[in-house]
Amino acid sequence: MEVSEAIRNRRSVRRFSRQPVTFKEIGALLESARWAPTASNTQAWQFIVTMDPGEKEALISISPGIFSVPAAIIAICVDQRRVRSATERGGEGELCGLMDACFAAQNILLAAHDVGLGTCVVRSFHREPARRLLGCPEHVKPELLITVGHVEGDPPKGPKRRDLSEIAHLGSWGAPFTIEVREGAGPTGVDETERVTGGEAGPSQTGPIEAALEESVTEEAKPDGVVSRSDSLRRSLVFYLCFLASSARGLFTEPSSYGPLRLVDACSRLIDIMEREGLSSPALDRVKTIIESGKLSVTEDRQRFAELIDEIACIMLNDARE
Ligand SMILES: Cc1cc2nc3c(=O)[nH]c(=O)nc-3n(C[C@H](O)[C@H](O)[C@H](O)COP(=O)(O)O)c2cc1C
């Protein structure tokens, strides 16, 4: 695939199928990351790959910005000691470390798109618990997560871009810079290669919790192979609490519209747990469908999102009163 085509057609993927990816595929992405530019060639990044279902479940529970279970999550971390030593040589320290992580991320996104894998950059995750979960020493900070997997359904369209004439200036501020931009070709397919990790291909999931819950049952099997219902419910609820706490932490820095999104997403996640416990209802299933199909509209259309909240609250109220 031409680089220009990859740049033009890559989109953030937020719905992944359950098809796994291989170590070889992930290795190729990391190899691309390694060739990204870094300030003073510091190369202060470290990449931690999570493919184990139980580990993914834990990481997702503190990452409100992940909306579906990917085959793999790459945490791009910055080694502050290396950054500091670069600062002493005249660099800009932490900021450059973060920028380096971003360039590495972009290489990963494009390399993944080139082989037909979907990705999404995720910054909405709880950094300190993530650092501990990933076993990073204190001076190594996770800065970005990249979700990687096979796209579920049609490739996403992605939000509109501002016109070049609004953002480009020739020579000085306000002097127009306009060119004709050729429309890029559509995303290409990919050859299937040997799959070695991430579980069997199976039915797709629409919520982040569904597959994670299934996986948690097998992961948590006791020596006699039996997982009690209360153990599994407890685990689901504790992960749910992690999601709430991490979402609360994010509200200090995230755009204000993310607050309603996180709370509504929390409704959907709780319905997942209720479904699994046989406590859901057709009305709650409908609420979940409404949330899943509309929740990402929050950044584009606040009014529509407010109406979605009104609608689900009314449905849930009726459900409780029946
Ligand atoms: C620094 C950064 C942080 C982001 N964090 C998240 C995130 O936490 N969750 C998410 O779903 N998307 C996240 N995104 C993806 C953006 O929402 C997405 O790139 C943007 O809407 C443009 O869409 P496109 O990638 O499909 O072109 C992030 C992107 C960047 C660059």
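Everything below is about the structure printed above this text.
Residues numbered from 1 in each chain as written. Predicted model: local features only at pLDDT ≥ 70, side-chain atom pairs only at ≥ 80, totals over all residues.

Enquirer: Outline the overall build of the protein, listing residues and values.
Expert: Each helix and strand in the protein was counted, giving 12 helices and four strands. Burial status across the protein gives 34% buried among its 322 residues. Counting only contacts in the protein whose residues sit at least 6 apart along the sequence, the fraction spanning at least 24 positions is 78%. (Helix = DSSP H or I, 4+ residues; strand = E, 2+ residues; numbered from the N terminus. Buried ≥ 20, exposed ≤ 12 C-beta atoms within 10 Å, placed from the backbone. Contact = placed C-beta atoms within 7 Å.)

Enquirer: Give a description of the site of the ligand that names residues and reports values.
Expert: Around the ligand, the surrounding shell consists of R11, S12, R14, G65, F67, C120, V121, V122, R123, S124, G158 and P159. Looking at side-chain class alone, the shell around the ligand contains five nonpolar, four polar and three charged residues. (Near = placed C-beta within 6 Å. Nonpolar A, V, L, I, M, F, W, Y, C, P; charged D, E, K, R; others polar.)

Enquirer: So what's going on with the pairing of strand β4 (residues 140-149)? Residues and values would help.
Expert: For β4, the tally of buried residues reaches 10 of 10 residues, placing the bulk of the element in the interior. For strand β2 (residues 72-79) and β4, the ladder comprises eight bridges, and the chain directions are antiparallel. Bridge pairing in β4 links I76 to L144. In terms of strand pairing, strand β3 (residues 118-122) meets β4 through five bridges, oriented antiparallel. By the bridge assignment for β4, G118 is matched with G149. (Pairing = 2+ DSSP bridges.)

Enquirer: So what about the nonpolar core? Which residues, and what values?
Expert: I74, I76, I108 and V148 are the most contacted members of the largest nonpolar core, which totals 46 residues. At the level of elements, α2 (23-34), α3 (53-61), β2, α5 (94-114), β3, β4 and α9 (229-250) are the ones that each hand at least two residues to this core. When residues of this core are assigned to domains, at least three fall in each of domain 1 (3-167) and domain 2 (208-321). The contacts of I76, once residues within four sequence positions are left out, are W45, F47, A101, A104, A105, E143, L144 and I146. (Core = buried A, V, L, I, M, F, W, Y, C linked by C-beta atoms within 7 Å. Domains from an automatic or database assignment.)

Enquirer: Quick one: what's the story with the sheet that holds β4, residue by residue and with numbers?
Expert: By definition, the strands of a sheet pair up through backbone hydrogen bonds, in either a parallel or an antiparallel sense. Within the open sheet, the four strands sit side by side as β1-β2-β4-β3. Their pairing is antiparallel. Each edge of the open sheet carries a strand with a single partner, namely β1 (45-50) and β3. Between one strand and the next, the sheet's axes are offset by a mean angle of 25 degrees, whatever the strand orientation. Along the sheet, α2 makes contact with β1, β2 and β4, crossing β1 at roughly 165 degrees. (Axes fitted to C-alpha atoms, helices over the stretch in contact; angles between N-to-C directions.)

Enquirer: Quick rundown of the environment of H150? Include the residues and the values.
Expert: Turning to its location among the elements, H150 is positioned in the loop between β4 and α7 (164-167). Taking the C-beta count within 10 Å as the criterion, H150 has 21 such neighbours and is therefore assigned buried. Between the C-alpha atoms of H150 and A71, which are 79 residues apart in sequence, the distance is 7.6 Å. Setting aside residues no more than four positions away along its own chain, H150 makes contact with F16, S17, Q19, A71, L117 and G118.

Enquirer: Go over α2 with me, naming the residues and quoting the values.
Expert: For α2, which comprises 12 residues, the first-to-last C-alpha distance of 16 Å matches the rise-based estimate of 16 Å (1.5 Å per residue) to within 8%. Of all the positions in α2, only E25, I26, L29 and A33 are classed as buried. Relative to the axis of α2, the buried residues are bounded by an arc of 95 degrees and lie together on one face. Projecting away from the buried face of α2 at angles above 90 degrees are the exposed residues K24, G27 and E31. The elements touched by buried residues of α2 are β1, β2, α5 and β4. (Expected span 1.5 Å × (residues − 1). Arc of directions from axis to C-beta.)

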